[in-house]
Amino acid sequence: MRQNQLKALNDCRRIVVKVGTGLLADENGFRPEMIQKLAREIHFLKKANRQVILVSSGAVGAGREVLKRRSDYEPLAEPGLSRKQALAAIGQVHLISEYSRLFSDVGIHSAQLLFSARDFRDRRAYLNIGHTLNELLDLDVVPIINENDTVSTEELKFGDNDMLSAACAGLFHADCLIILTTVDGFLRDGKRIPFIELVDDEVLSFAGGPTGPGSGGMRTKMEAARLGQRVGHFTAILPGKQESPIRALLEGKDLGTLVPPFPESSARKLAARKKWILYVPGEGRLIVDDGARKALLEKGASLLSAGVQQCEGTFRQGDVVEILDNRDTVIARGLSSVPSESLQGLIGGHSNANSSVEVVHRDNLILDPHPRIRK
Ligand code: GLU
């Protein structure tokens, strides 16, 4: 690691740490020693006046462990959604009480926060979450966040806790997101890559899906790192099984994979509202023609209905939509000024340039500096 990067990392004041299910449990069950290790690592970060938020998976796994102790429990070979939600409800209590107990052993106070993607889509709820987080940090409490699995169905889900931790890093204006995982870092042909300057399509093509009990895999970690580059924070993917990976990173040891922010994004931090547009799970997709693509990317124009060829999904006025060109490349995200129902009536030959209405105002638009094909 270069000296200037090590200094920038050590200067980070707001840190989000994410820990996956695969580290909190193994084939022998739940591992309290992982929580003890996290307590030591967070204590180390806080000693140097850093604020820390923890995003922890592991509720479903812990729920399974709790039930296994009951003689009348019969696990299902293929548990459905409601069984998994019940396991999460059972396990979350266990998980948070272990955190609370083991963190207080080293003098760390903690609190539990559970969100669904719906809470992030609703801007008022989103801002309220931000106020609560700040209040907790002022009270010197470490917020421990998980997805609210009992209400999250497919449409309400972040997808996985990697994306939830990325969204929390955006909301919290973090300088660094640390993702602790069961592997050594980002691997390419079996070899660890210590530093990635740009998370592009090629890098993403080497990032696979989940291999263990968690839900994300390397792919979602790199997607989170890619967003971090734009938003202006470091992302470190670290081997969570090592003795003290976070301390080692800040001491400049060679471990894991580090993805720095784009230099321009750290110099000119993205406005809070734009970060929200970037992270909130989109409600719909607009496919635009070549003229609109050019106007958006080259002229900094707003998106007009005349340039929209297709509208997918159901969204309300003010919801976040993804904007794609007709080669399936995501070029921007923005807030729609019109609901999908009205937009459907305006596209497909029902409008011309004169009667075209503004669908996304340029102030509510965030362009992708490195557009890529949607998977
Ligand atoms: N929220 C889930 C749990 O606590 C985990 C999701 C994930 O691993 O990404 O069990």
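Please refer to the structure higher up on the page.
These numbers were taken from a predicted model, which means no experiment stands behind them.

Engineer: How should I be thinking about the packing of helix H10 (residues 217–231) against helix H13 (residues 272–279) in this particular structure?
Structural biologist: Running from N to C, H10 and H13 cross one another at 160°; their axes reach a closest spacing of 11 Å. By the angle between their directions, the pair H10 and H13 is classed as roughly antiparallel. Considering how the two elements wind past one another, H10 and H13 form a crossing that is right-handed. Packed against H10, whose contacting residues are Leu227, Gly228, Arg230 and Val231, the element H13 presents Lys275, Leu278 and Tyr279 at the interface.

Engineer: Looking at this structure, how should I read the packing of helix H3 (residues 32–47) against helix H5 (residues 81–104)?
Structural biologist: Viewed as axis vectors pointing N to C, H3 and H5 meet at an angle of 50°, and their least axial separation amounts to 9 Å. Classified by the angle between their axes, H3 and H5 sit oblique to one another. Our pair here, H3 against H5, has a crossing hand that is right-handed. Residues Pro32, Ile35, Gln36, Leu38, Ala39 and Ile42 of H3 touch H5, and the partners they reach there are Glu98, Tyr99, Leu102 and Phe103. Residues that form the contact of H3 with H5 fall into these classes: eight nonpolar, one polar and one charged.

Engineer: Explanation requested: the environment of Asn148 in the structure shown.
Structural biologist: Its location among the elements puts Asn148 in the loop between strand S6 (141–147) and helix H8 (161–171). A residue is classified by how much of its surface remains accessible, and Asn148, at 17% relative accessible area, is buried. Separated by 58 residues in the primary sequence, Asn148 and Ile90 place their C-alpha atoms 12 Å from one another. Asn148 has contacts with Leu114, Phe115 and Ser116, leaving out every residue within four places of it along the chain.

Engineer: Any chance you could explain unusual backbone geometry here in plain terms?
Structural biologist: With the exception of glycine, the majority of residues adopt a negative phi angle, and the majority of peptide bonds are in the trans configuration. One non-glycine residue with positive phi stands out, namely Asp140, at about 60°. Mapping Asp140 onto the fold places it in the loop between helix H7 (123–138) and S6. Positive phi values are uncommon outside glycine, yet His173 reaches one of about 50°. By secondary structure assignment, the location of His173 is in the loop between H8 and strand S7 (176–181). The exposure class of His173 is partly exposed, given its relative accessible area of 36%.

Engineer: What is the right way to read the environment of Gln229 from this model?
Structural biologist: Here Gln229 lies in helix H10. The class for Gln229 is buried, based on a relative accessible area of 1%. Placed 31 residues apart in sequence, Gln229 and Pro260 show a C-alpha to C-alpha distance of 6.3 Å. From its side chain, Gln229 meets the backbone oxygen of Pro260 in a polar contact 2.9 Å long.

Engineer: Would you take a moment to explain empty space enclosed by the protein for this structure?
Structural biologist: Take a probe with the size of a water molecule and roll it over the atoms, and the empty space left behind shows itself. Evaluated as defined, the whole model comprises one cavity of 30 Å³ or more. Considering the residues around the largest cavity, the lining is formed by Arg121, Trp276, Val280, Pro281, Gly282, Glu283, Gly318, Asp319 and Val320. Among the residues making up the lining of the largest cavity, the classes are represented as four nonpolar, two polar and three charged.

Engineer: Any chance you could explain the pattern of salt bridges here in plain terms?
Structural biologist: Where side chains of opposite charge bring their charged atoms close, a pairing between them can arise. Applying the stated rule across the entire model yields 25 salt bridges. Notably, a salt bridge pairs Asp11 with Lys7, separated by 2.7 Å at the nearest N-O pair. With its nearest N and O atoms 3.9 Å apart, the salt bridge here joins Arg247 to Glu251. Among the ionic contacts, a cluster of salt bridges with common partners joins Asp290, Arg293, Asp325 and Arg327.

Engineer: Whenever I open this one, the side chain of Ser336 confuses me. Can you help?
Structural biologist: Positionally, Ser336 belongs in the loop between strand S16 (329–335) and helix H15 (340–346). A distance of 2.6 Å separates a polar atom in the side chain of Ser336 from the backbone oxygen of Val338.

Engineer: How do you make sense of the nonpolar core when you look at a structure like this?
Structural biologist: In a soluble, globular protein the nonpolar side chains are often hidden away together inside. The biggest cluster of nonpolar side chains holds 49 residues, and the ones touching the most others in it are Val16, Phe115, Phe120, Ile145, Val199 and Met222. Tallying contributions element by element places H8 first for this core, with seven residues. Formed by 40 residues, the second largest nonpolar core is a distinct cluster that contains Val142, Ile178, Leu250 and Leu258.

Engineer: Looking at this model, I keep getting lost on the packing of aromatic side chains. Mind explaining?
Structural biologist: To describe a pair of aromatic rings, you give the distance between the ring centres and the angle between the ring planes. For the structure shown, the criterion picks out four aromatic pairs. Residues Phe120 and Tyr126 carry aromatic rings whose centres are separated by 5.2 Å and whose planes lie at 80° to one another, so their mutual orientation is edge-to-face. Look at Tyr126 and Trp276: their rings are 6.1 Å apart centre to centre, the planes differ by 50°, and that puts the pair in the tilted class. In this pair, Tyr126 is assigned in helix H7 and Trp276 in helix H13, connecting sequence segments 150 residues apart. When sorted by exposure, Tyr126 lands in the same class as Trp276, which is buried. Aromatic ring contacts, followed pair by pair, group Phe115, Phe120, Tyr126 and Trp276 into a single cluster.

What counts and how
- Residues numbered from 1 in each chain as written.
- Predicted model: local features only at pLDDT ≥ 70, side-chain atom pairs only at ≥ 80, totals over all residues.
- Heavy atoms only, no water.
- Axes fitted to C-alpha atoms, helices over the stretch in contact; angles between N-to-C directions.
- Helix = DSSP H or I, 4+ residues; strand = E, 2+ residues; numbered from the N terminus.
- Parallel < 35°, antiparallel > 145°, perpendicular 65-115°, else oblique.
- Left-handed = near helix turned anticlockwise from the far one by under 90°.
- Contact = heavy atoms within 4.5 Å.
- Nonpolar A, V, L, I, M, F, W, Y, C, P; charged D, E, K, R; others polar.
- Buried < 20%, exposed > 50% of the residue type's maximum accessible area, 1.4 Å probe, protein only.
- Polar contact = N/O pair within 3.5 Å; in protein donor to acceptor, adjacent residues only side chain to side chain.
- 1 Å grid on protein atoms, 1.4 Å probe; cavity = no way out; pocket = protein on both sides within 12 Å on 5 of 7 lines; lining within 4 Å.
- Points joined across faces, edges and corners; volume = space filled by probe spheres on them.
- Salt bridge = Lys/Arg side-chain N within 4 Å of Asp/Glu carboxyl O.
- Core = buried A, V, L, I, M, F, W, Y, C linked by side-chain atoms within 4.5 Å.
- Phe/Tyr/Trp six-rings, centres within 6.5 Å; stacked < 30°, edge-to-face > 60°.

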